[in-house]
Amino acid sequence: MKKIFVLILFVFISCDGVQYGEINNVGNTYYFNSKTTNNSNLGTKENPFKNLEYLKKIELFNGDKILLSNGSTFLNTIELLNKNGIEISNYRADSIDNLPIINSRGKIASVFIENSSNIKINNIEITADGGGANEFLHKKIKSDLRCGILYLVTDKNVHNNLEIDNVLIKDIFYENLGFTRDKKEVKTPNGTQSYGWGIRILNLSENGNLKNITIQNSEFINISHTAIRLIGKRNNQFKNINILNNKVFKSGGPGMVFNSTTNLLAKNNDINYTGSNDDPRKWGRGSGLWTWGSSYALITNNSFQNANGPADSAGCHIDFNCNDIIVENNLSKNNAGGFIEILGNNFNCSYRNNVSINDGHRIKGEKGAFQEGKTFWLSGYVGRGKERNGPFNSYIYGNYIYVSKDIIPKIAVDKKAKGVFVANNIFYFENDPVMVLGDQYKPDPGGKLEIENVFFQNNLFLKNHWPKNVLIQPTNNIYTNSFYQVFLEDAGLLDDYQYNVNHTYNYPYPKFFSNIKIGLIEEDSKGLWRGF
């Protein structure tokens, strides 16, 4: 009993001997209200701290909570370094419902976390519109940046449990309003300058890691680069990631990027207008979502719309060095770069049971575009200057693909691809599709090689117009124009949807379209990790 009392007293009393905060059932709760007129600043609900500077006087322990009052605006950064079991959230004061705001303009992040476990962040709003160079830059970060939430792994330990829920992150920029990027910047692979990011999680350690990451029920609006970006290690991937029920609107880069992750679930996310160039501080290029160097992902029941940019900028694409990525039951609409995009050195990946509408409308050479938009692209690209390889065992089935009369559908299949299964899809192209060469940086020179292990049967086309010079050719086709556009109109899928609309649907097959059984590609003993 004596030991318990001493522990509680230690947690509750700061290093300067002043008693701060209130005891909760597992730790201490510290209250902050930027509107308080009380100068006592004890961190209690009745006498809250006025600003985040007071966190420097507190040693946080497992079970402690940092609560920000609704209606308040705080400057500066909340730092959690080598912490465990800390929660950042809100509380209702003076009958105000508006979430508290952390404005980290000119700072590295609103919430900066390093080597910490069991961290919860919920019910707050974050903004950081410019400010230029940071006062503080971590010694392991190579270039300056600004983030809503930044998490770094820099030690040798495996950390657990980062949960972000109901957070609004908007207007995140590194540069001040009026800054204009050089036109060449958008042609670099990920941008070379400093940007603002929504949530950025980086592994800067060779042996350390973070597992069990959840980001849900959150919104990302007007970010100069990517809304959510995870960069792990190829040989030590971030593990167990759940990205659920989020909305991304007008990010200057991609909506979400998962680099070196394993066991990813991205579900019920609404991603719209990625690659936005409505502010010259933005990058102006990016797919709705993409993976690189990742394994075992299920990307399901999302919507990807209106991705913009002179290259990339598909709805959802699978970048190189991945395995077992499944893209299913999504809506992909009006994305400049295209719909199906599987790059090189990818194994056993799939696009299945999606709806694609007018994807791949970009035309190389127009409006600064240096890649063609493509409805269907299997690319062997594995990095600049490297020999193309794959993709291997790509399963594409059950998709509804519509391209209107205003767009020429473009198809590219790399001669290094091996193992392709294409069945039970509807390719409704109002114009005749054309074959184009893969053109990621150095164009694929083409060739007349035959791709091994191809099954391309039982697909519905408007007419017999699949390009004859594409290296995979359909057989046993169905040709009809009797139902598809009617189906789209009845489902409301040709409407110009606005933000905050649910874009996910169930898409039944037309009754007369008989599916054939999905099975293993010849010489593939594995199939899809979630089954067929």
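Scope of this entry: the structure provided in the associated data block.

Okay, the packing of aromatic side chains next. By the definition in use, this model includes 23 aromatic pairs. A centroid spacing of 6.5 Å and a plane angle of 85° characterise the contact between Y397 and F421, whose relative ring orientation is edge-to-face. Here the residue Y397 occupies a position in strand β31 (residues 392-397), and F421 occupies one in strand β34 (residues 418-423), the gap between them amounting to 24 residues. Like F421, Y397 is buried. Ring centres of F427 and W466 lie 5.6 Å apart, and the angle between their planes is 65°; on these two criteria the pair is classed as edge-to-face. One end of the pair, F427, is in strand β35 (residues 426-429); the other, W466, is in the loop between β38 (460-461) and β39 (478-479), and 39 residues separate them in sequence. The pair formed by F427 and W466 is uniform in burial state, with each residue classed as buried. Site record: aromatic cluster; members linked through ring pairs are F376, F427, F429, F456, F461, W466 and Y479. Lying across the ring of Y195, R181 places its NZ or CZ 3.7 Å from the centre. Lying across the ring of W377, K374 places its NZ or CZ 3.6 Å from the centre.

Judged by nonpolar contacts, the single largest core of 84 residues is most densely connected at F32, I66, I121 and F376. Excluding residues within four positions of it along the chain, F376 makes contact with I340, I396, K410, I411, A412, V413, V422, F427, W466 and I472. Listed in part, the 13 residues of the second largest apolar core include A109, L150, V186 and W283.

Bringing the side chain of R146 into the picture now. Along the polypeptide, R146 turns up in strand β10 (residues 146-153). One buried charged residue, R146, remains without a salt bridge, the closest side chain of opposite sign being D144 at 5.6 Å. In terms of polar contacts, R146 uses its side chain to reach the backbone carbonyl oxygen of G132, at 2.6 Å. Within the local environment of R146, its side chain forms a polar contact with the side chain of N134, the two groups lying 2.7 Å apart.

Structurally, the position occupied by A227 is in the loop between β14 (219-223) and β15 (228-231). Residues A227 and G255, spaced 28 residues apart in sequence, show a C-alpha to C-alpha distance of 5.2 Å. Residues in contact with A227, not counting those within four places in the same chain, are G198, I199, F220, V248, P254 and G255.

The element strand β30 (residues 374-378) is largely enclosed, with a buried count of 5 among its 5 residues. As judged from the 4 bridges shared by strand β27 (residues 338-342) and β30, these two strands associate in the parallel manner. Among the inter-strand pairings, I340 is bridged to a residue of β30, identified as F376. Looking at chain direction, β30 and strand β33 (residues 410-413) are connected through 3 bridges and run parallel.

Cut-off values and rules
Residue positions within a chain follow its written sequence, with the count starting from 1. Only residues with pLDDT of at least 70 get local features here, since the model is predicted, and only at 80 or more are side-chain atom pairs given and counted; chain-wide, interface and lining totals rely on the full set of residues. The side-chain values count all of the structure's non-hydrogen atoms but skip hydrogen atoms and water molecules. Only Phe, Tyr and Trp rings are paired, with Trp represented by its six-membered ring, and only when their centres lie within 6.5 Å; those with planes under 30 degrees apart are stacked, over 60 edge-to-face, the remainder tilted. Put simply, DSSP H or I for four residues or longer makes a helix, DSSP E for two residues or longer makes a strand, and each gets a number counted from the N terminus. With a 1.4 Å probe rolled over the protein chains alone, any residue whose accessible area is under 20% of its type maximum counts as buried; one over 50% counts as exposed, and the rest are partly exposed. Should the NZ of a Lys or the CZ of an Arg lie within 6 Å of a ring centre and within 35 degrees of the ring normal, that charge is described as sitting over the ring. We call a set of buried residues a nonpolar core when its members are Ala, Val, Leu, Ile, Met, Phe, Trp, Tyr or Cys and they connect through side-chain atoms within 4.5 Å of each other. Residues count as neighbours in contact if any of their non-hydrogen atoms are within 4.5 Å of one another. The convention is simple: Lys and Arg are positive, Asp and Glu are negative, and His and the chain ends are not counted. By convention in these notes, a salt bridge is any Lys or Arg side-chain nitrogen within 4 Å of a carboxyl oxygen on Asp or Glu. Think of a polar contact as two N or O atoms within 3.5 Å of one another; within protein, one of them needs to be a possible hydrogen donor and the other a possible acceptor, and neighboring residues in sequence only count if both atoms come from side chains. Any two strands with at least two DSSP-identified bridges between them are counted as paired.

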